[in-house]
Every structure is written in structure tokens, then in C-alpha cells.
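# Commentary on secondary and tertiary structure
Spelled out, the chains give:
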Amino acid sequence: MPSGSTGKPPGKDVAAQASSTAAPDATSSTCGKAAPAISAEEQKALDQLGPLGGKSQSDIEAQLLVQGYTGVKANSGGKVFTKDLGNGKTMAVRLDPAMQRNPPRGFADEKPHAHKESVPGTAVSNGNYSPASSGLTKFDDLGKPSSDPGKVHIPTQ
Amino acid sequence: MANNRIELLAAHMSAGTREDGLAALDAGLQAGDEAPLSVDESHLLTQWLARERSAYAQAYLWRLLYSGPLLPEAVNLALRWLEELQLGHRGAALAYLRRHRPDLMPRLAEQFSRDSDAGVRYELAQFWLPTRPDEAVDLMIDALAGADHEGFDAMTFEICEYGKSTHLERLGKLDADAGGNSGFGRVAEALRSRLEGD
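The rules behind the values
Residues numbered from 1 in each chain as written. Chains lettered and ligands numbered in written order. Predicted model: local features only at pLDDT ≥ 70, side-chain atom pairs only at ≥ 80, totals over all residues. Helix = DSSP H or I, 4+ residues; strand = E, 2+ residues; numbered from the N terminus. Buried ≥ 20, exposed ≤ 12 C-beta atoms within 10 Å, placed from the backbone. Contact = placed C-beta atoms within 7 Å. Pairing = 2+ DSSP bridges. Axes fitted to C-alpha atoms, helices over the stretch in contact; angles between N-to-C directions. Parallel < 35°, antiparallel > 145°, perpendicular 65-115°, else oblique. Left-handed = near helix turned anticlockwise from the far one by under 90°. Nonpolar A, V, L, I, M, F, W, Y, C, P; charged D, E, K, R; others polar. Expected span 1.5 Å × (residues − 1). Arc of directions from axis to C-beta. pLDDT = per-residue confidence, 0-100. Core = buried A, V, L, I, M, F, W, Y, C linked by C-beta atoms within 7 Å.

### A look at the overall build of chain A
- For chain A, the count of helices and strands is four helices and eight strands.
- Going from N to C terminus, chain A has its helices and strands arranged as α-β-β-α-α-β-β-β-β-β-α-β.
- Counting over 157 residues, chain A shows a buried share of 48%.
- For chain A, the share of sequence-separated contacts (at least 6 apart) that also reach a separation of at least 24 residues comes to 60%.

Now the structure itself:
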């Protein structure tokens, strides 16, 4: 089943995936297309991150620093943590505050959340990168590539 | 004034400490762990924002003002901010006005209809969404290329929710023009999944 094909508005049912600890499956497909290939280095970094859902952002930040990530404050608020994987890719975790949507629509970004992403190292400048970057891969909390906005917003405290 | 949280934060000598304090206060307010901001606190926030130069601090000052009470001086600051095309967070200024002075929006929507700032375009799209949803989605697609992470993610949700097959086609063309595997393509994938699930 393609992600997000439940007929529900995207991003409004994230609790189930946030608490799961199933092993990442790099062969899964996204929306009928082959999922982006994940390098061994990316897979190792994803495994090391483990599930982030439900954790406090300060605990995640401490974990990232131990794992060798470097953090910067994002101009739009929140923080971006990156780690060069040594293969031309950079692993990134973004910690964002709740989106102030008017009116609230119940999307997953309306709570504090984290993102797991990888980007080509060439896209990274001063510890951050454009969300429109070519070659950016978004992951759900299980470490699977996903384009479902609900799944790539990982709820935090 | 002894319990004015903004006064206490502003008194810190370290910019980093002040910024971290603003972010923590914002998180506490969002979580309901902090009491809503008072008029006095919003008054100080407005003064602080008018002189603050850190983009990160500005982001949180706007967020805090947004969640506080209506303040005429903050409305004036937002209107001036919106006119300064070189400033960041112009979308946040418009968000403040859309929330606290919705009566101004028809005029502002007309005045800034051709604005290229992604944050401004997002807020204009929110204004148009109830009455002109197709145009609002097009406006958000226009804004994707220049959006920051927060804006890009917010628009992904809303394009997914309100987009139609014509928008999917447009996103596909933009992705192809960008060489493929671009941000447009990722939003297209999310919209395609929703449309196939309907």
C-alpha cells in the first residue's frame, strides 16, 4: 500500500509509527516508486539514532552530540544537527518547535517534532541545507525512506 | 514587573542564553506549561523585536508575540516589518496580522499579491484557502523553492491536503525542470499518494 493511502488527511495519525521499534527495511518502496538507495553508512547512522519518537528534544540533542553530530540554530527556529558520513552524504536530524497554524488543522507539525534526513554533503552550508535540495532523503522514525509528511514528522516532547 | 518573564530573559548578558530562554518559553507556552503572555510582557517583546538582529531570536520573538494578546504597537511593528523587503520573517509579521487583525487582510492581500517572499506567499495562501483553494495551492507551490524548512513542511501538508491532479502535474513539471529528485518531486510523491488513496 502506498504510504498515506488510508484516505485520512496526511499526517494526522502518527502515534502508531512513533512507538514502533521494527527494524529498518531499506528495500521498501515509497508511493509505488523504488525507495532511494540507502548506503551502508546511512543505514548505520539510522540504526545508531534509533527511534526518537516520544523523547524530549533536550534528550535527543544530548544523544546527537554524543554521536558526533554538530548543531546549529536555524533562522526559522529549531535546530539542525548534521554529521558527515564520509561517503559524500550527510546525516541530519532537525528538531523543530510546533508549527503555529491558523487555524490549526491537526497536522503532525503542530506539535514539537524531529526529522531524520540525509543530504548530499555538497548541499550543506554552515550546518544547514535547503529543504528543496536535490538528493535529500527523508526517513520515518523506523529509518525507512518516506514521502508521507505525517510519517517524517516524528513527535517529540 | 518582577515576574515579567520577558524582562528577566532580556536581562541575560549572553545572547545564546537569551535565545535559549526564548525558545524554552515558547515551548512551555505551546505545551501549556507556562501562563499566557501578559500585555506588559508583549509590550516588552515588541520593543525587543524592534531592536533584535539575530534571525533565530527574531523567529521566537514573533512566535511569542503571535501567541500573545493583540497589541496596537505590535500591529504597527508588523506593518512596518512587512514593508521592509530585505528583512527576514516577513511571513511571521503577516501571520501576526492575519491572526490579530484579520480585518486588514483584504487590503494586505492586494498590496502584497506579487510578493516573492515564501513566508508572505504562505500567509497569503492561508488567507485565500477558504474561498480560492486552487489558487491558494498554486501560491504555495510557487513558494516552495524559497521556503525554509518549517515553511516547506507546512506547505507539503497543505498541498497534500488540498491539491488536485492539476497541481500534481505542475509539481511534476517543476521537478523535471529542476533535474528530478528535487523538493518538488518529493511533494508530488506525497500528493500522488493522497490522490491515489482518495
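### Some words on the pairing of strand β4 (residues 79-84) of chain A
Residue and element names in this part refer to chain A.
- Judged by how many residues are buried, β4 sits mostly within the fold: five of six residues are covered.
- Judged from the four bridges that link them, strand β3 (residues 70-73) and β4 form a sheet pairing that is antiparallel. Bridge assignment links glycine 71 to a residue of β4, and that residue is phenylalanine 81.
- Both β4 and strand β5 (residues 89-96) contribute to a ladder of six bridges, which runs antiparallel. Bridge pairing in β5 places lysine 79 opposite leucine 95.
- Between β4 and β5, which pair antiparallel and follow one another directly, the connecting turn spans four residues, one of which, glycine 86, has a positive phi of 80 degrees.

### Some words on the packing of helix α6 (residues 90-100) of chain B against helix α8 (residues 118-128) of chain B
Residues and elements named next belong to chain B.
- For the pair α6 and α8, the least separation of the axes is 7 Å and the interaxial angle reads 25 degrees. Between α6 and α8, the crossing angle belongs to the class labelled roughly parallel. Crossing geometry of α6 relative to α8 is assigned as right-handed. Taking contact as the criterion, the partners of Arg90, Gly91, Ala92, Leu94, Ala95 and Arg98 in α6 are, on α8, Gly119, Val120, Tyr122, Glu123, Gln126 and Phe127.
- Looking at the contact of α6 with α8 residue by residue, the class counts come to six nonpolar, three polar and three charged.

### Quick word on helix α3 (residues 39-51) of chain B
Residues and elements named next belong to chain B.
- Under the 1.5 Å per step criterion, the end-to-end length of α3 is 19 Å for 13 residues, consistent within 8% with the ideal 18 Å.
- Among all positions of α3, only Glu41, Ser42, Leu45, Thr46, Trp48 and Leu49 are buried. For α3, the arc enclosing every buried residue in end-on projection is 165 degrees, short of the 170-degree limit, so these residues lie on one face. Pointing more than 90 degrees away from the buried face of α3 are the exposed residues Val39 and Arg51.
- As for α3, its buried residues are in contact with α1 (5-10), α4 (55-67) and α5 (72-83).

### Considerations on the pairing of β5 of chain A
Residue and element names in this part refer to chain A.
- Most of β5 sits inside the fold, with eight of its eight residues counted as buried.
- Side chains of β5 alternate between two faces, with Lys89, Met91, Val93 and Leu95 and Thr90, Ala92, Arg94 and Asp96 buried alike.
- In this sheet, strand β6 (residues 113-120) lies alongside β5 in antiparallel orientation, the contact comprising eight bridges. If you follow lysine 89 over to β6, its bridge partner there is proline 120.

### A word on the packing of α4 of chain B against α6 of chain B
Residues and elements named next belong to chain B.
- At a minimum axis distance of 10 Å, the contact between α4 and α6 shows a crossing angle of 0 degrees. It follows from the interaxial angle that α4 and α6 lie roughly parallel. Every residue of α6 that contacts α4 at Trp62, Leu65 and Tyr66 is listed here: Ala92, Ala95, Tyr96 and Arg99.
- Residue composition of the contact of α4 with α6, grouped by class: six nonpolar, no polar and one charged.

### Notes on the environment of alanine 188 of chain B
- Considering the arrangement of structural elements, one finds alanine 188 of chain B in helix α12 (residues 183-197).
- Alanine 188 of chain B has contacts with Leu168, Leu171, Gly172 and Asp175 of chain B, leaving out every residue within four places of it along the chain.

### Side note on the interface of chain B and chain A
- Between chain B and chain A, the contact holds 42 residues from the first and 35 residues from the second.
- Along the lines of polarity and charge, the residues of the side of chain B that touches chain A split into 16 nonpolar, 11 polar and 15 charged.

### Focus: the confidence of the model for chain B
- Summary statistics for chain B give a mean pLDDT of 95 and a share of 98% for residues scoring 70 or more.
- Taken together, the chains of this predicted complex give a pTM of 0.88 and an interface ipTM of 0.93.

### Considerations on α4 of chain B
- Helix length check: α4 of chain B, at 13 residues, gives a terminal C-alpha distance of 19 Å against a target of 18 Å (1.5 Å per residue), a fit within 8%.
- Along α4 of chain B, 10 of the 13 residues are buried, which leaves the element largely enclosed by surrounding structure.
- Buried residues of α4 of chain B: Tyr56, Ala57, Gln58, Ala59, Tyr60, Leu61, Trp62, Arg63, Leu64 and Leu65 of chain B, and no others.
- Those residues of α4 of chain B that are buried lie in contact with β3 of chain A together with α2 (15-31), α3, α5 and α6 of chain B.

### Comments concerning the nonpolar core
- Residues Leu61, Tyr96, Met140, Leu144 and Met155 of chain B are the most contacted members of the largest nonpolar core, which totals 60 residues.
- The element contributing the most residues to this core is α4 of chain B, with eight residues.
- If we skip the residues at most four places from it in the chain, leucine 61 of chain B touches Leu22, Leu45, Trp48, Leu49 and Glu52 of chain B.
- Within the second largest apolar cluster, 21 residues are counted, among which are Leu49, Leu52, Val80 and Phe139 of chain A.

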